[in-house]
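# Structural features, examined
Letter by letter, the chains look like this.
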Amino acid sequence: MDLADREQRRSRAEGMLEGLAARGVEVVATTFVDNSGIARVKSVPLRRLPQLASWGAGFSTSFDRFRFDDWIAGSGQRTEPVGDLRIVPDLDRVVPLAAQPGWAWAPGERYLQSGEPHPQCSRLLLARLTEALAAQAITARCAVEIEWVVSDGAGEEFRPGFVGSGYGMSRLIAGSDYCRDVVTSLEHEGIEVEQFHPEYAPGQLEVAVSSESPVAAADTSVLVRSTIRAVGARHGLRTSFSPKVDVSGVGNGGHAHLSLWRDGLNLMSGGDRRCGLTAEGESFAAGVLQRLPALLAVGCPSPASYLRLVPSHWAGDYACWGLENREAALRMVTGSEGSAPWAANLEVKCVDLLANPYLLFAGLMAAGLAGLEDHSELPDPVDVDPAALGEETLAERGIERLPTGLGTALEAFRADEVLTRAFGPDLVASIVAVRQSEIELFAESSDEEIADALRWVH
Ligand code: GLU
Ligand code: MG
């Protein structure tokens, strides 16, 4: 970013002030997501937006090593207090916040003080990988499905905010005003809600949104979650996106949906491969499937993630794929007959909402690109709950459980040349340090203690 870029950003922001003020905006917040999945924020009064847009706001370099509990997983060199980065908002997406009157939000990107991109900025990384796909004339459309639970009041203990059955109209009625406010707030923020429903577990809800470019989908995932949290606060409800709120129950997933397009045609449909995949659609999917154990280091980034990732809980903990199979880590979705050209997509089921969505999509892009390059092929799809196949059949078919702990996923990540090359050495070192420090933190903890520690953080 040179001086001319900064000047252009400043004048663009100046041109936005009047319109934002007319919509009641007084303060603007900008966020980045750290390696532990926490959205970190800086904000300015509206009149300072041109300054923020051109020169950014300071953020210490140590944030790359922040753990979920704000502990810094340092390198041992004690260099963390030194140096600074600048967070700069993306002016294409300044959104007045429906559940935080007077506030607007924009996703941020981090730059070095020299004006060069920060090599560890996950949003810029995802943009680069999206461009690598564009070099093959392919665009990706992505979305994150958000599941969460609401709890009554501010207490540490989880007390389901609404009574009523899973998927039940009874729960929708119990939370009628809140549920309406969630949907309308998201729509007012320009998010296209595809559908909303009460989910399976007590107090659990889900929203699905339309697909977008990878970066926009990751931004939307951040915005949807902060909006849901803000709506909850206005209704006296506490929100949890943790993968395991209640150790004995069903968890919250953060399934990632993905389709590839060329010249307006969906490469996940209309092809001559199984389930209608084109050769490129299949290779991309196969690249992802092959690297799922390593991808879990970004998609299931906490020991708490592995409390959710268990058989027969619709979390997709077997490294296999299948048409509409909710127990396969990769669920191929084609929709009703006739809808595949626009609806067909790949759902990565195993991942959860502790993941930094930019890193997650970056990992999926890198894995898929490697699959394209290698012309990878998928194994046979699985059409039952893999847990029902029995050890022998699983072994015969080469279907393995995904890592059952963060340590194993982290080893796979460190050994994966495609992912580590795409992320770069500095970012890999930060991710490894944060994960290792979390593994050590919970080395002696029970499942309940882990779930308690993560329940209200993200
Ligand atoms: N809650 C389940 C999970 O942990 C997913 C349920 C569903 O398939 O929507 O991922
Ligand atoms: Mg669901």
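Look a little higher up for the structure.
Here we summarise the structure given alongside this text. Throughout, a residue's number is its position along its own chain's written sequence, starting from 1. Just so you know, chain letters begin at A and ligand numbers begin at 1, following the order they were written in. In keeping with the model being predicted, local features are shown solely for residues with a pLDDT of at least 70 and side-chain atom pairs are shown and tallied solely at 80 or more, while totals for entire chains, interfaces and linings include all residues. Side-chain calculation: all heavy atoms of the structure are included, whereas hydrogens and water are not.

### Some thoughts on unusual backbone geometry
- Although it is not a glycine, D70 adopts a positive phi angle of roughly 75°.
- Each helix is a run of DSSP H or I of at least 4 residues and each strand a run of E of at least 2, with the numbering of both proceeding from the N terminus. By the secondary structure assignment, D70 is in the loop between β3 (57-60) and β4 (84-89).
- The classification of residues rests on relative accessible area computed with a 1.4 Å probe and restricted to protein chains. Under 20% of the type maximum is buried, over 50% is exposed, and intermediate values are partly exposed. Judged by its relative accessible area of 46%, D70 is partly exposed.
- The phi torsion at W314 lies on the positive side, around 60°, for a residue other than glycine.
- Looking at where W314 falls in the secondary structure, it is placed in the loop between α9 (305-308) and β14 (318-323).
- Owing to a relative accessible area of 46%, W314 belongs among the partly exposed residues under this scheme.

### Details of the pattern of salt bridges
- Put simply, a salt bridge is a Lys or Arg side-chain nitrogen that is within 4 Å of an Asp or Glu carboxyl oxygen. Overall, the coordinates contain 23 salt bridges when judged by the stated rule.
- Between D90 and R123 there is a salt bridge; the shortest N-O distance is 3.0 Å. With D90 in the loop between β4 and β5 (95-96) and R123 in helix α3 (residues 122-134), this pair connects stretches of sequence that are 33 residues apart.
- Because the salt bridges share partners, they merge into one network encompassing D272, R273, R274, E282 and D380.

### Notes on the packing of aromatic side chains
- For Phe, Tyr and Trp, where Trp contributes only its six-membered ring, two rings pair if their centres lie within 6.5 Å, and the inter-plane angle classes them as stacked under 30 degrees, edge-to-face over 60, or tilted in between. Summed over the entire model, instances satisfying the criterion amount to eight aromatic pairs.
- Residues F59 and F63 carry aromatic rings whose centres are separated by 4.8 Å and whose planes lie at 80° to one another, so their mutual orientation is edge-to-face.
- Overall, the relative accessible area of 3% leaves F59 in the buried class.
- Pairing F63 with F66 gives two aromatic rings, centres 4.2 Å apart and planes at 20°, and the pair type is stacked. Neither F63 nor F66 differs from the other in exposure class; each is buried.
- In this structure an aromatic cluster arises from ring pairing among F32, F59, F63 and F66.

### Here's the deal with the pairing of strand β2 (residues 39-45)
- Bridging between strand β1 (residues 27-33) and β2 involves seven bridges; their strand directions are antiparallel. Across the sheet, the residue bridging to A29 is S43, located in β2. Pairing between strands is defined by DSSP: at least two bridges between the two strands are required.

### Points about the site of ligand 1
- For this description, a residue counts as near a given molecule or strand if any of its non-hydrogen atoms is within 4 Å of it. Neighbouring ligand 1 are E147, E199, E206, V250, G251, N252, G253, H255, R308, W314 and K349.
- Residues adjacent in sequence count toward polar contacts only when both atoms are side-chain atoms; beyond that, a polar contact is any pair of N or O atoms within 3.5 Å, and within protein one must be able to donate a hydrogen and the other to accept it. Within the side chain of H255, one N or O atom sits 2.7 Å away from an oxygen atom of ligand 1.
- To measure how exposed things are, a 1.4 Å probe is used in the Shrake-Rupley method; for residues, cover is taken only from the protein chains shown. Within the complex, 94% of the 300 Å² of free accessible area of ligand 1 lies under protein.
- Only Asp, Glu, Lys and Arg are considered charged, only Ala, Val, Leu, Ile, Met, Phe, Trp, Tyr, Cys and Pro nonpolar, and every remaining residue, Gly among them, polar. Of the residues contributing to the shell around ligand 1, the split by class is two nonpolar, four polar and five charged.

### Notes on the sheet that holds strand β9 (residues 193-198)
- Pairing within the open sheet is antiparallel, and its four strands lie in the order β9-β10-β8-β11. Because the sheet does not close on itself, it has two edges, and the strands there are β9 and β11 (237-240). On average, each strand axis in the sheet is tilted by 25° relative to the strand beside it, whichever way the strands run.
- Both β9 and strand β10 (residues 204-209) contribute to a ladder of five bridges, which runs antiparallel. In the strand pairing of β10, V193 is matched with V209.
- Against the sheet, helix α5 (residues 176-188) makes contact with β8 (146-152), β9, β10 and β11, and its axis sits at roughly 165° relative to β9, the strand it touches most. As a rule, the C-alpha atoms of each element are fitted with a line to give its axis, helices using only the stretch in contact, and angles between N-to-C directions run from 0 to 180 degrees. The contact criterion used throughout is that any non-hydrogen atoms of two residues lie within 4.5 Å.

### As for the nonpolar core
- Among buried residues, the Ala, Val, Leu, Ile, Met, Phe, Trp, Tyr and Cys ones that are joined through side-chain atoms within 4.5 Å form a nonpolar core. Ranked by size, the top nonpolar core spans 97 residues in total, and within it W148, Y178, L292, F413 and F423 carry the most contacts.
- Ranked by residue count, the leading element in this core is helix α11 (residues 357-374), at twelve residues.
- Apart from residues lying up to four places away in sequence, F413 is in contact with A294, A297, L419, T420, F423, V428, I431 and V432.
- In terms of nonpolar packing, the next biggest core, distinct from the first, is built from 20 residues, V25, L46, F66 and L91 among them.

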